[in-house]
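Close look at the chain arrangement
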Amino acid sequence: MTPHLSRSVWGLALALTGCSTMHVPPPANLDAPLPPDAAAAGGMDVNVGAQTFYYYPLAFHLRGAKALPMGETPLALELGGNVGVGWVGINPALHWLPAPRPGSDWRFGGRLGLQAGAGDLLGEVPFADPFLGASLQGQASRVWDDGGAITAALGWGYTGHTRCMEGCSFDEPGSDPQDPGPAGHSYLPYNAPGLHLRADLPAGDGYAATLMLGAQPLISRGDVLPIFELGVGIHHHDPGPRW
């Protein structure tokens, strides 16, 4: 940590050591999203993941997502949900899936996601304060005929507690007889760019094991907190000549 970090950045660092009460919602998108071909084929994910502050584990979560192609249109609806140590949420999304070029092994797409739930990333007040968020991502995916794929997703997400979407701080009366002073609370929105890399490794007819690596550095008042993500899981799609 460098000396120029703002009070909000120091607040999160102190919260990790139990010295303050900082409420941070989860990021608007957890892990790498469904690849374009997987979304077009009605794919389903079940993943476990973790957010880390440098090497310090912040939180763990379980996420599920199912894509529903919308007929002949280049669109698919994603229905998803997640639960963590201190939060629970739903993650609907809309995928834009332009047709790949004939004979090309590459496919591109876009994803507009929403996030709604209650709780906070640090588990300070588990499943209590409601939050809302949204994310926008562009994707590029290299797909093999056996169902394997490598996908990169680049975008931005924002989540805020509905109590104060842009962030706020306030004091509450102390509840500790030994320390009658007011207790400080700060609500910090999760405002972050995101880069996610995902590998889908064939694991049987219509199944693939997924490995995910990402970074969503939290931005607050011009400062940046390096937060990374790791995830593993299982993907399922209807088998075919291509996803």
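Structure shown above.
Residues numbered from 1 in each chain as written. Predicted model: local features only at pLDDT ≥ 70, side-chain atom pairs only at ≥ 80, totals over all residues. Heavy atoms only, no water.

**Quick look at the nonpolar core**
- The biggest cluster of nonpolar side chains holds 16 residues, and the ones touching the most others in it are Val-24, Leu-58, Trp-87, Leu-121, Tyr-190, Leu-218 and Ile-227.
- Elements with a minimum of two residues in this core: β3 (56–69) and β12 (190–202). (Core = buried A, V, L, I, M, F, W, Y, C linked by side-chain atoms within 4.5 Å. Buried < 20%, exposed > 50% of the residue type's maximum accessible area, 1.4 Å probe, protein only. Helix = DSSP H or I, 4+ residues; strand = E, 2+ residues; numbered from the N terminus.)

**Here we look at the pairing of strand β13 (residues 207–215)**
- Here β13 shows a clear split, with Ala-208, Thr-210, Met-212 and Gly-214 buried on one side and none of Tyr-207, Ala-209, Leu-211, Leu-213 and Ala-215 buried on the other.
- Bridging between β12 and β13 involves eight bridges; their strand directions are antiparallel. Each residue of the ladder has a partner; that of Leu-197, found in β13, is Leu-213.
- Linking two consecutive strands that pair antiparallel, namely β12 and β13, is a turn of four residues; a positive phi of about 115° is found at Gly-204 within it.
- Sheet analysis places β13 next to strand β16 (residues 227–236), joined by nine bridges and oriented antiparallel. From the neighbouring strand, Ala-208 faces β16, where its bridge partner is His-235. (Pairing = 2+ DSSP bridges.)

**Some words on the packing of aromatic side chains**
- Taken as a whole and judged by the stated rule, the model has one aromatic pair.
- On the numbers, 5.4 Å between centres and 70° between planes, the contact of Phe-53 with Tyr-54 is edge-to-face.
- A relative accessible area of 9% places Phe-53 in the buried class.
- Residue class for Tyr-54 comes out partly exposed when judged on its relative accessible area of 46%. (Phe/Tyr/Trp six-rings, centres within 6.5 Å; stacked < 30°, edge-to-face > 60°.)

**Describing the side chain of Thr-52**
- Within the element layout of this structure, Thr-52 appears in strand β2 (residues 44–53).
- Under the relative-accessibility criterion, Thr-52 is labelled buried at 15%.
- A distance of 3.0 Å separates a polar side-chain atom of Thr-52 from the backbone oxygen of Tyr-54.
- When residues no more than four places from it in sequence are discounted, the contact partners of Thr-52 are Pro-57, Leu-58, Pro-226, Ile-227 and Phe-228. (Polar contact = N/O pair within 3.5 Å; in protein donor to acceptor, adjacent residues only side chain to side chain. Contact = heavy atoms within 4.5 Å.)

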